[in-house]
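Coordinate inspection notes
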Amino acid sequence: MSSHRAIDLIRNHTVDLSWQKDTYRHLHQNPELSQAEDNTAAYIAASLRDLGTYEVHEGIGGHGVVGVMDNGPGPVVLFRADIDALPVAEATGVDFASTATGIARDGSTTSVMHACGHDMHMTAGLGLATLMSRLSDDWSGTYIALFQPSEELASGAQAMIDDGLADIIPHPDVCFGQHIVPGPAGQVMSMPGPALAGCDTISITLTGRSAHGSMPHNAIDPTYLAAAIVMRLQGVVGREIAPSEFGVISVGTLQSGNTNNTIPGQAKILLNIRYYSNEVRAKLIGGIERVVRGECMASGTEVEPLIEYSDHGEVTDNDADVFAKIRPVFDGVLGDDSVDATAWTASEDFSNIPRALGSPYVYWTVGATPRDQWAAAVAADRVVEDIPSNHMPNFLPDFEPTVHASTAAAASAVLAYLAK
């Protein structure tokens, strides 16, 4: 069976991957923000070309890079890694810490860090590309190494699709992706069904009427209106979403006014919603719009509220049949470190690619926390307090177990389909 062959290939290969440590450190020290991944993309493209077996395409959807290795008849398998970093000032204290800066979305200069682990994703992705190149006698089909930009903006996957990805690559029979997370380093967590939440950003602009603070009766107070909306929105989740379902409305920004004695004319609310089903999404959106318009009517606003939607991420919904095919290989390669996942409330735009291409997919997570640190935090019931998480300035994976598991898991999924 191909699964047994895949397990043997991965466990017994002699391909030198010791270079991954230097690659990881280089990528970590040289992070680039979303939509500015010039040098990162060039580095990846050069690395793929150096292998000599890939047809390399650059500049897809901005800074997307794709390597296609045609290795005879068989399935077409795509593995995706993301490449962008975050506007975070690093606080890990390691000797290869980032001191890079970039231009944030608001035009300001900011520190930049790979605080979400995309440096590890690229390192594992290049390790997988190397394995597939060097083990070409042992598999048949087509392997697609896809490196996606702008994941942090939830826009890079769709940008690659819009830029003609489907015309550049052969149609994948299956797609894969992974992400490092807090958890015992080297533990691979997988599951069928909804694995990551869907999300939307909702921007609400409320227009009232400005007046001096001494004459509130002349105003239509957008601050009071915004406060009423914020309070009532939690009733949408608490009273309209079934306890057995998952739905979240988070108020990320509330802006109104800039002096102490003037009632402003406008207020803005920025929301984030998350869910595991489109039915819950529809309830959340319907409830938000109803509350906003109802409270505006109650306040007597003369201008309709402006409700804008952006940064949509689909639910990452793993295909059960694909999961059933790759999980035995995970188990065979990783042993006790292949475990069941629980749904993660974070969101990803990875699934936009297989959805647009009409391909089934599976996405899994890999633990990155030093095991002694994780065990101590669990024993003390202080995981939230003591364990650095993605997007934090002190987030740094335990390199050896994390890179080994990330590379092995990626190879396990791909070779489950392609091994002879």
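In what follows, the structure referred to is the one given above.
Residues numbered from 1 in each chain as written. Predicted model: local features only at pLDDT ≥ 70, side-chain atom pairs only at ≥ 80, totals over all residues. Heavy atoms only, no water.

1. Quick word on the overall build of the chain
The helix and strand tally for the chain stands at 13 helices and 18 strands. A compact globule built from 420 residues should have a C-alpha radius of gyration of about 22 Å, and the chain, at 24 Å, falls within 12% of that. Along the three orthogonal principal directions, the C-alpha set of the chain runs to about 80 × 50 × 45 Å. Buried positions account for 52% of the 420 residues belonging to the chain. Once local pairs closer than 6 in sequence are excluded, the contacts in the chain between residues at least 24 apart make up 82%. Entry remark: accessible area of the chain is about 17700 Å², with carbon and sulfur atoms responsible for 50%. Looking at the chain, you have 23 positive and 51 negative side-chain charges, and the mean spots of the two groups are 5 Å apart. (Helix = DSSP H or I, 4+ residues; strand = E, 2+ residues; numbered from the N terminus. Rg over C-alpha atoms; globule rule 2.2 N^0.38 Å. Buried < 20%, exposed > 50% of the residue type's maximum accessible area, 1.4 Å probe, protein only. Contact = heavy atoms within 4.5 Å. Areas by Shrake-Rupley, 256 points an atom, 1.4 Å probe, with all protein chains shown as cover. Lys, Arg positive; Asp, Glu negative; His and termini not counted. Charge placed at Lys NZ, Arg CZ, Asp CG, Glu CD.)

2. Overview of the pattern of salt bridges
Applying the stated rule across the entire model yields 14 salt bridges. In this structure, the salt-bridge partner of R5 is D138, at a minimum N-O distance of 2.6 Å. Placement of R5 in helix 1 (residues 2–12) and of D138 in the loop between helix 4 (118–134) and strand 6 (142–148) is noted, with a sequence separation of 133 residues between them. A relative accessible area of 30% means that R5 is categorised as partly exposed. Residue D331 is joined to R327 by a salt bridge in which the shortest nitrogen-to-oxygen separation is 2.8 Å. Of this pair, D331 and R327 both sit in helix 9 (residues 320–334), 4 residues apart, which is roughly one turn of that helix. For R327, a relative accessible area of 12% gives the class buried. Three or more residues are tied together by salt bridges with common partners; here these are R80, D82, E348 and D349. (Salt bridge = Lys/Arg side-chain N within 4 Å of Asp/Glu carboxyl O.)

3. As for the sheet that holds strand 10 (residues 198–207)
Strand order in the open sheet made by the 4 strands is 12-14-10-15, with antiparallel pairing throughout. The open sheet terminates on both sides in strands that have one partner only, identified here as strand 12 (247–256) and strand 15 (306–313). Taking each pair of neighbouring strands and ignoring which way they run, the sheet shows an average axis angle of 15°. Here 9 bridges tie strand 12 to strand 14 (residues 266–275), and the two strands are oriented antiparallel to one another. (Pairing = 2+ DSSP bridges. Axes fitted to C-alpha atoms, helices over the stretch in contact; angles between N-to-C directions.)

4. With respect to helix 9
Over its 15 residues, helix 9 runs 20 Å from end to end, which matches the ideal 21 Å to within 8%, given 1.5 Å per residue. Among all positions in helix 9, only V322, F323, I326, R327, V329, F330, V333 and L334 are buried. The secondary structure elements touched by the buried residues of helix 9 are helix 1, strand 7 (174–184), strand 8 (188–190), strand 17 (338–340), strand 18 (361–369) and helix 13 (399–418). Among the residues of helix 9, the N-terminal cap falls to D319, whose side-chain oxygen and the backbone nitrogen of D321 are separated by 3.0 Å. Positioned one or two residues after helix 9, G335 has a phi angle of 60°, which is positive. (Expected span 1.5 Å × (residues − 1). Polar contact = N/O pair within 3.5 Å; in protein donor to acceptor, adjacent residues only side chain to side chain.)

5. Examining the sheet that holds strand 2 (residues 64–70)
If you walk across this open sheet you meet the 8 strands as 1-2-6-3-7-18-8-17, and the pairing is mixed. On the outer flanks of this sheet lie strand 1 (55–60) and strand 17, each paired with one strand and no other. Within this sheet the neighbouring strands show an average axis-to-axis angle of 25°, counted without direction. With 6 bridges joining them, strand 2 and strand 6 adopt antiparallel strand pairing. Pairing of D70 across the sheet is with T142, part of strand 6. Each of strand 1, strand 2 and strand 6 is contacted by helix 3 (residues 38–51), which is oriented at about 170° to strand 1, the strand it contacts most. Along the sheet face, helix 13 touches strand 3 (76–82), strand 6, strand 7, strand 8 and strand 18 and points at about 155° away from the line of strand 7.

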